[in-house]
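Fold and geometry: a report
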Amino acid sequence: MATEETQVGEFAALQAVPDRYPKMALSLDRVDLSEDGVVRRDLPDFQLEA
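Residues numbered from 1 in each chain as written. Predicted model: local features only at pLDDT ≥ 70, side-chain atom pairs only at ≥ 80, totals over all residues. Heavy atoms only, no water.

**Points about the overall build of the chain**
What counts is decided by this rule: Each helix is a run of H or I in the DSSP string that is no shorter than four residues. Each strand is a run of E no shorter than two, and both are numbered from the N terminus. The rule is simple: take the accessible area with a 1.4 Å probe, protein chains only, and divide by the maximum for that residue type; under 20% is buried, over 50% is exposed, in between is partly exposed. Any two residues having at least one pair of non-hydrogen atoms within 4.5 Å are treated as being in contact. For every accessible area listed, the method is Shrake-Rupley and the probe measures 1.4 Å; residues are considered covered only by the protein chains on display. Under the counting rule used here, the positive set is Lys and Arg, the negative set is Asp and Glu, and His together with the chain ends is not counted. By convention, the point assigned to a charge is CZ for Arg, NZ for Lys, CD for Glu and CG for Asp.
Within the chain one finds 2 helices and 2 strands. Reading the secondary structure of the chain in the N-to-C direction produces α-β-β-α. The 50 residues of the chain split such that 20% are buried. By sequence separation, contacts in the chain at least 24 residues apart represent 19% of the contacts at least 6 residues apart. Just so you have it, the chain exposes about 3,900 Å², and 56% of that area is on carbon and sulfur atoms. Computing the positive centroid from 5 side-chain charges and the negative centroid from 11, the chain places the two 7 Å apart.

**Re the pattern of salt bridges**
Here is the rule we go by: Criterion for a salt bridge: a side-chain nitrogen of Lys or Arg within 4 Å of a carboxyl oxygen of Asp or Glu.
Under the defined criterion, the tally for this structure stands at 4 salt bridges. A salt bridge links Lys23 to Asp19, with the nearest nitrogen and oxygen atoms 2.6 Å apart. Of the residues examined, Lys23 reaches a relative accessible area of 13% and is grouped as buried. Taking the relative accessible area as the measure of exposure, Asp19 reaches 34% and is therefore partly exposed. Salt bridges sharing common partners tie together Arg30, Asp42 and Asp45.

What follows is the structure in structure tokens.
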């Protein structure tokens, strides 16, 4: 995620969902920015697992 504002915005939207399903943010970054129940995954790696 290019900037901290982008990360905060993306994660806030996912954290606001009131359910217990896993929440995942996909991006092209290889840096693990997972926090507060939202897992950040690298898009190419995610696609290769399917």
